[in-house]
Amino acid sequence: MREQSHVPVEQLTEKEAASELARLAKEIAHHDRLYYQKDAPQISDAAYDALRQRNQAIERRFPELIREDSPSRRVGAAPAQGFAKVNHLRPMLSLGNAFSTEDVAEFVASVRRFLKLPADTSVALTAEPKIDGLSANLRYEDGVFVQGATRGDGAVGEDITANLRTIPDVPHRLRGKDVPELIEMRGEVYLPRSLFAKLNAEREKAGEPIFANPRNAAAGSVRQLDPAITRSRPLRFFAYAWGEVRGRLPDTHWETVQRFAHWGFKTNPLAKLCRDEGEALKLYARMAEQRAQLDYDIDGVVYKVNRLDWQERLGFVSRAPRWAVAHKFPAEQAITRLEDIGVSVGRTGALTPYAILTAVTVGGVVVSRATLHNEDEVARKDFRAGDTVVIQRAGDVIPQLVRVIPEKRPKGAKPFVMPDKCPVCGSLAVREEGQAVRRCTGGLTCPTQAVERLIHFCSRGALDIEGMGEETVQEFHEKGFLAGPVDIFRLHRRRHEIVRDEKKDTGLRGWGELRFGNLVRAIEARRRVALPRFILALGIPQVGEATARLLARNYGSLEAWRAAMERAAKGDEEAVAELDNIEGVGPSMVTDIVGFFAERHNLKVLDELAKEIEVEEFAQAAVSGSPVAGKTVVFTGTLETMGRAEAKARAEQLGAKVAGSVSKKTDYVVIGADAGSKATKARALGVATLTEEEWLKLVGG
Ligand code: IVH
């Protein structure tokens, strides 16, 4: 049979149409799952729509072939489109996880260290269930509910005001006199288990597909375009946090949440104020027991530092607050069959073995694949095709294989052998001494590597090009429109080859003027890009968002960074030392970053990109007026009023770069008690030294 996905609907034979409908049903269901259950779509809305449209067109031509499980029979499964975007006034963050008592102890210890609290000061914590629903941001102005949004990517969500209004737990107007002028209320939308069962029973009776779990049902319900549908789903809401506030709140988290209840919100009845972590851990044990009896799913207990002045000082690390942690319940496990072991190729050419499993529900989702990390891991745990295995999934953690059940091993099951050729391009796959991974040596000639790098380049945290999702990149790469990143910015020149012309039978299916125009506009909007995004987009191994920011902050501009890295790649020790000296950049990262600049083809990519796009200098705008913006600071010795991490975080907030050792480039060395060689070196180099008190005075306390 022909490659059907490209055959025009009107040319399909009946047999081809049937198999195409089967493929589309599966594929659309897959993307629905990513969208609804994981909130992590892998294709653009446009690409998704194209799939649905094709499905519909085939069904119109062959109505007798419409399947039981056809996407067109599913109500409310269409992705939420047409929701306006909402900028949260303060970002909506996620939480760090703790999996053991030790992790919780370490959390409290890190709070103490950061705040420099004596060991005997107790840290009061609130403890409350972690609800397994989806978070929402509700904006109240003068006590009136004016806008509600999903979390989205944390910075920008979708406007679901009309849907949230249908939830009885969401007050339209707040009661009481201490209502702030403006507040972003944060909490969890969820579907009670009892009502979930009822909803599914009704759906089954009506011949509609049932929801996999309450979270999934809640997520699907809240993103309905028609609020009447949302209203018919019995959703609830617990308030547990807040974002921007204009007005006064009490001094503690506990009192603030009490106040929420006075205003008319539902707050979780199991929440408790605990004097210390010991009490919090007792509550955790109790909740783990109660869990099965609750009418809503919970996947752990959230602890929050009670004092708000401490929360303020603790602040955030990348996306999670330092003042809160989620203590997760142990992972749910399941037993299934390991049908086979496959091997995939990643952005950096790493070959990763993965498990192909007989589908099984665990932790509320259907799992049929799981990563096996690397060949040593497979050998160590001795997973073989045909084995019966224990798998687990803890909350938002990806599924993993725990162990084999040896009694169930079929006779003749063979140990797994990692291929020494890339399964995609056939190039040699080699494993360097001391490395866990085997890599394809094909570089950019390996289509998967090229595609994965392009996908990364366009992804949300990087260039963030809307409409340039996985599928589009894949298609354009396959058809020869995209070889490397620079081609993205030259795509507009290929309009005639891409835009579909039915009469001439040229162009790509699904690419009308409108869609192509939108894509080109999205690309044009990214010809100016912030430095951290650009650095991230390069896809240097180990350089994630946090490191990209550090590099941007330290070097200030692409030109300065590149010049320094090229010097480092040529062996300039000072340049290597400067990189190594950035707090948060370790030696193996240095190797990867410098290694990137040692490759001629990477420099060529940078040269080409420079002709197409403008990379902004790193904006210190938020801290203009700060006396230490752009200055390099080293802290040494023991500080009196704050921990080292707090000192560093505050200096960085003010736009300073914090380094680990003193050099000619250091602007200030802040000297605490018992400072050693760094203080001496500073004096020898004539670098300004400050006492802690002088530093605090300089930065305004
Ligand atoms: S506090 C800055 N409390 O967990 C901290 N989150 O993993 C804000 N969640 O996105 C979150 N129950 O959707 C908090 N009692 C609770 C929670 C809770 C569930 C969710 C929330 C958040 C996610 C973080």
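In short, a report on the structure. Not measured: the values here are computed from a predicted model.

**What about the overall build of the protein?**
Per the secondary structure count, the protein includes 24 helices and 26 strands. Here the protein has a C-alpha radius of gyration of 28 Å; the compact-globule value for 701 residues is 27 Å, and the two agree. Each of the three principal axes of the protein carries a C-alpha extent, and together these read 85 × 65 × 60 Å. Counting only residues that meet the buried cut, the protein has 48% of its 701 residues in that class. The contacts in the protein between residues at least 6 apart in sequence include a share of 67% that link residues at least 24 apart. Here the protein has roughly 34200 Å² of accessible surface; of this, 50% comes from carbon and sulfur atoms. Of note, the protein has its 102 positive side-chain charges centred 1 Å away from the centre of its 98 negative side-chain charges.

**Considerations on the sheet that holds strand 7 (residues 182-190)**
Taken in spatial order, the four strands make up an open sheet running 5-4-7-8, and their pairing is antiparallel. Edge strands, defined here as strands with exactly one partner in the open sheet, are strand 5 (144-150) and strand 8 (236-246). Here the strands of the sheet are splayed against their neighbours by 25° on average, with no regard to which way each runs. Strand direction decides the pairing type here: strand 4 (residues 134-141) and strand 5, joined by six bridges, are antiparallel. The residue bridging Tyr140 from the neighbouring strand is Phe145, located in strand 5. Each of strand 4 and strand 7 touches helix 6 (residues 214-222); the most contacted strand, strand 4, lies at about 40° to it.

**Re the nonpolar core**
By size, the foremost hydrophobic cluster in this structure holds 61 residues, and its most contacted members are Met468, Phe476, Ile488, Trp561 and Leu579. Element by element, the count of residues in this core is highest for helix 20 (residues 587-598), at six residues. Once residues lying within four places of it in the same chain are set aside, the contact partners of Trp561 are Ile535, Leu538, Ile540, Leu551, Tyr555, Ile593 and Phe597. Among the nonpolar cores identified, the runner-up in size contains 34 residues, and Phe114, Leu115, Cys274 and Trp323 belong to it.

**Brief notes about the packing of helix 12 (residues 447-458) against helix 13 (residues 470-478)**
One way to put it is that helix 12 packs onto helix 13 with a least axis distance of 9 Å and a crossing angle of 135°. Taken together, the axis directions place helix 12 and helix 13 in an arrangement best described as oblique. Handedness of the crossing formed by helix 12 with helix 13: right-handed. Residue-level contacts link Pro447, Ala450, Val451, Leu454 and Ile455 of helix 12 to Glu470, Val473, Gln474 and His477 of helix 13. Along the lines of polarity and charge, the residues of the contact of helix 12 with helix 13 split into six nonpolar, two polar and one charged.

**Details of the site of the ligand**
If you check the shell around the ligand, you find 14 residues, and the closest are Glu128, Ile131, Ser135, Glu188 and Tyr240. A distance of 3.1 Å is found between a nitrogen atom of the ligand and a side-chain nitrogen or oxygen belonging to Glu128. Only strand 3 (125-131) and strand 10 (298-305) provide two or more residues apiece to the shell around the ligand. If you tally residues by element for the shell around the ligand, the top one is strand 3, at four residues. The residue makeup of the shell around the ligand, split by class, is eight nonpolar, two polar and four charged.

**Observations regarding empty space enclosed by the protein**
Which parts of space are left empty comes out when a probe the size of a water molecule is rolled across the atoms. Following the criterion strictly, the structure yields eight cavities of 30 Å³ or more and no others. Of the volumes computed, that of the largest cavity is approximately 200 Å³. In this structure, the largest cavity is lined by 17 residues; those nearest its centre are Leu444, Arg453, Pro485, Leu538 and Val605. Taken together, the elements giving at least two residues each to the lining of the largest cavity come down to helix 12 and helix 21 (600-612). In terms of residue count, helix 12 provides more of the lining of the largest cavity than any other element does, five residues in total. A per-class count over the lining of the largest cavity returns ten nonpolar, five polar and two charged.

**Thoughts on helix 20**
With twelve residues, helix 20 extends 16 Å between its outermost C-alpha atoms, agreeing within 8% with the 16 Å of an ideal straight helix rising 1.5 Å per residue. Inspection of helix 20 places Met589, Val590, Ile593, Val594, Phe596 and Phe597 among the buried residues, and these make up the whole buried set. Angular distribution of buried residues about the axis of helix 20 spans 150°; they occupy a single face of the element. Summarising the geometry of helix 20, the exposed residues directed more than 90 degrees from the buried face are Pro587, Thr591 and Ala598.

**A word on the packing of aromatic side chains**
For the coordinates displayed, the defined rule picks out 17 aromatic pairs. Look at Trp511 and Phe516: their rings are 6.4 Å apart centre to centre, the planes differ by 80°, and that puts the pair in the edge-to-face class. The pair formed by Trp511 and Phe516 is uniform in burial state, with each residue classed as buried. Stacked on the ring of Trp511, the Lys or Arg Arg515 has its end atom at 3.8 Å from the ring centre.

**Considering the pairing of strand 14 (residues 332-345)**
In terms of strand pairing, strand 14 meets strand 17 (residues 388-393) through six bridges, oriented antiparallel. Along strand 17, the bridge assignment pairs Glu332 with Arg393. Pairing geometry for strand 14 and strand 15 (residues 350-362), over seven bridges, is antiparallel. Of the residues in strand 15, the one forming a bridge with Val343 is Pro353. Hairpin remark: strand 14 followed by strand 15, antiparallel, with four residues in the connecting loop; positive phi at Gly349, about 85°.

**Quick look at the layout of surface pockets**
Of the pockets and cavities examined, the second largest pocket occupies roughly 780 Å³. Put simply, the parts of the chain that give the lining of the second largest pocket at least two residues each are strand 20 (438-440), helix 12, helix 20 and helix 21. Counting residues per element, the lining of the second largest pocket draws most heavily on helix 20, which supplies five residues. When the residues that make up the lining of the second largest pocket are grouped by side-chain class, the tally is eight nonpolar, 13 polar and six charged.

Conventions adopted
- Residues numbered from 1 in each chain as written.
- Predicted model: local features only at pLDDT ≥ 70, side-chain atom pairs only at ≥ 80, totals over all residues.
- Heavy atoms only, no water.
- Helix = DSSP H or I, 4+ residues; strand = E, 2+ residues; numbered from the N terminus.
- Rg over C-alpha atoms; globule rule 2.2 N^0.38 Å.
- Buried < 20%, exposed > 50% of the residue type's maximum accessible area, 1.4 Å probe, protein only.
- Contact = heavy atoms within 4.5 Å.
- Areas by Shrake-Rupley, 256 points an atom, 1.4 Å probe, with all protein chains shown as cover.
- Lys, Arg positive; Asp, Glu negative; His and termini not counted.
- Charge placed at Lys NZ, Arg CZ, Asp CG, Glu CD.
- Pairing = 2+ DSSP bridges.
- Axes fitted to C-alpha atoms, helices over the stretch in contact; angles between N-to-C directions.
- Core = buried A, V, L, I, M, F, W, Y, C linked by side-chain atoms within 4.5 Å.
- Parallel < 35°, antiparallel > 145°, perpendicular 65-115°, else oblique.
- Left-handed = near helix turned anticlockwise from the far one by under 90°.
- Nonpolar A, V, L, I, M, F, W, Y, C, P; charged D, E, K, R; others polar.
- Near = heavy atom within 4 Å.
- Polar contact = N/O pair within 3.5 Å; in protein donor to acceptor, adjacent residues only side chain to side chain.
- 1 Å grid on protein atoms, 1.4 Å probe; cavity = no way out; pocket = protein on both sides within 12 Å on 5 of 7 lines; lining within 4 Å.
- Points joined across faces, edges and corners; volume = space filled by probe spheres on them.
- Expected span 1.5 Å × (residues − 1).
- Arc of directions from axis to C-beta.
- Phe/Tyr/Trp six-rings, centres within 6.5 Å; stacked < 30°, edge-to-face > 60°.
- Lys NZ or Arg CZ within 6 Å of the ring centre and 35° of its normal.

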